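Coordinates in review
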Amino acid sequence: MTYGKNTALIVVDVQNDFCPGGALAVKNGSRVVPAINSLMDSFEVIVGTQDWHPVNHSSFASNNDAEPFSVKTLNGINQVMWPEHCIQGSNGADFHPDLHADAFNIIIRKGTNPDIDSYSAFTENDGVTVTGLRGWLSELDIKKVYITGLATDFCVLYTALDAVKAGFETYVIEDACKGVDFPEGNVVKAVSAMKEAGIRVVQAADVRL
């Protein structure tokens, strides 16, 4: 079946740096690609998101004399110090080569402000600065969103939480996502948080029914 224009698929950060061999690889991250590609045929409205950091981004450990994966407070927000990744214009920032990115109707680039990170496709980590995605979806009269991609416990989680806050009926397709699982157990915690927020966690086979 094909979903009508009131439903959108959001594909979060399926980029080279988050896949095996990348600077911030999610274990088995590239395994989401076939599942996502097969899902795309069922949707008329498809959003792709892309981490798109300047080289001087404040979330990079190298810019803070910090150990990778340590946590610091930046501008009043607890921030994981990440290895450099998804630098604007780099191969690492490109979508995975097997992903059917030509199907995207719009690409939301996030994390472009060097002073603040952005996990969610809707709102930067200050909880105030918006990306414009909510408005774009509303203009298309989207009521329901299905979310896939990388990583379950960071950008997928925050995108889903913001989607449901924005009033969208929100689904996360669990087997079309992979998590960092940092710290250990974080994926289970993220899935629990999504369910508690009213997000429906489903499998790809359920979407095709």
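Coordinates for the structure precede this section.
Residues numbered from 1 in each chain as written. Predicted model: local features only at pLDDT ≥ 70, side-chain atom pairs only at ≥ 80, totals over all residues. Heavy atoms only, no water.

**Concerning the overall build of the protein**
When helices and strands are counted, the protein shows five helices and eight strands. Counting from the amino terminus, the protein carries its helices and strands in the arrangement β-α-β-β-β-β-α-β-α-β-α-β-α. Against the 2.2 N^0.38 benchmark of 17 Å for 209 residues, the protein shows a C-alpha radius of gyration of 16 Å, consistent with a compact globule. With the C-alpha coordinates of the protein rotated into their principal frame, the extents come out at 50 × 35 × 30 Å. By element, 48% of the accessible surface of the protein is carried by carbon and sulfur atoms, the whole surface being about 9,400 Å². For the protein, the distance from the average site of its 15 positive side-chain charges to the average site of its 26 negative ones is 6 Å. (Helix = DSSP H or I, 4+ residues; strand = E, 2+ residues; numbered from the N terminus. Rg over C-alpha atoms; globule rule 2.2 N^0.38 Å. Areas by Shrake-Rupley, 256 points an atom, 1.4 Å probe, with all protein chains shown as cover. Lys, Arg positive; Asp, Glu negative; His and termini not counted. Charge placed at Lys NZ, Arg CZ, Asp CG, Glu CD.)

**Some points on the side chain of threonine 7**
On the secondary structure map, threonine 7 appears in strand E1 (residues 3-12). In this structure the side chain of threonine 7 is engaged in a polar contact, spanning 3.3 Å, whose partner is the side chain of asparagine 6. Those residues in contact with threonine 7 that lie beyond four places of it in its chain are Phe43, Val45, Ile142, Lys144 and Tyr146. (Polar contact = N/O pair within 3.5 Å; in protein donor to acceptor, adjacent residues only side chain to side chain. Contact = heavy atoms within 4.5 Å.)

**Considering the pairing of strand E7 (residues 169-178)**
In this sheet, E7 lies alongside strand E6 (residues 144-150) in parallel orientation, the contact comprising six bridges. Bridging across to E7, glycine 149 finds its partner in cysteine 177. Regarding the hand of the β-α-β motif, the stretch spanning E6, helix H3 (residues 152-165) and E7 is right-handed. Note that the unit made of E7, helix H4 (residues 186-196) and strand E8 (residues 200-202) has a crossover that is right-handed. (Pairing = 2+ DSSP bridges. Right-handed = clockwise from strand over helix to strand, strands pointing away.)

**Side note on the pairing of strand E2 (residues 43-51)**
The buried fraction of E2 amounts to eight of the nine residues, a majority that puts the element mostly inside the structure. The pairing of E2 with strand E5 (residues 106-110) spans five bridges and is parallel. Paired with glycine 48 across the two strands is isoleucine 107, which belongs to E5. (Buried < 20%, exposed > 50% of the residue type's maximum accessible area, 1.4 Å probe, protein only.)

**As for the packing of H3 against H4**
Axis separation between H3 and H4 bottoms out at 10 Å; the angle between their running directions is 10°. Between H3 and H4, the angle falls in the class roughly parallel. On H4, the residues touching Thr152, Asp153, Phe154, Leu157, Ala160 and Leu161 of H3 are Asn186, Val187, Ala190, Val191, Ala193 and Met194. Of the residues that constitute the contact of H3 with H4, the class distribution is nine nonpolar, two polar and one charged. (Axes fitted to C-alpha atoms, helices over the stretch in contact; angles between N-to-C directions. Parallel < 35°, antiparallel > 145°, perpendicular 65-115°, else oblique. Nonpolar A, V, L, I, M, F, W, Y, C, P; charged D, E, K, R; others polar.)

**Some details on the pattern of salt bridges**
By the definition in use, this model includes four salt bridges. We note a salt bridge from aspartate 141 to lysine 143, for which the minimum N-O separation is 3.1 Å. For aspartate 141, a relative accessible area of 43% puts it in the partly exposed group. For glutamate 169, the salt bridge is made with arginine 200, and the minimal N-O distance between the two is 3.5 Å. On the criterion of sequence distance, the pair formed by glutamate 169 in strand E7 and arginine 200 in strand E8 is long-range, its members being 31 residues apart. The partly exposed category is assigned to glutamate 169, whose relative accessible area is 32%. You can call arginine 200 partly exposed: its relative accessible area is 45%. (Salt bridge = Lys/Arg side-chain N within 4 Å of Asp/Glu carboxyl O.)

**Points about the packing of aromatic side chains**
For any pair of aromatic rings, the description rests on two quantities: the centre-to-centre distance and the angle between the ring planes. In total, this model carries nine aromatic pairs according to the counting rule given. Seen in terms of ring centroids, phenylalanine 95 and phenylalanine 104 are 5.3 Å apart; in terms of plane orientation they differ by 65°. Their pairing is edge-to-face. A relative accessible area of 14% places phenylalanine 95 in the buried class. For the ring pair phenylalanine 122 and phenylalanine 168, a centre distance of 6.0 Å and an interplane angle of 35° mean the geometry is tilted. (Phe/Tyr/Trp six-rings, centres within 6.5 Å; stacked < 30°, edge-to-face > 60°.)

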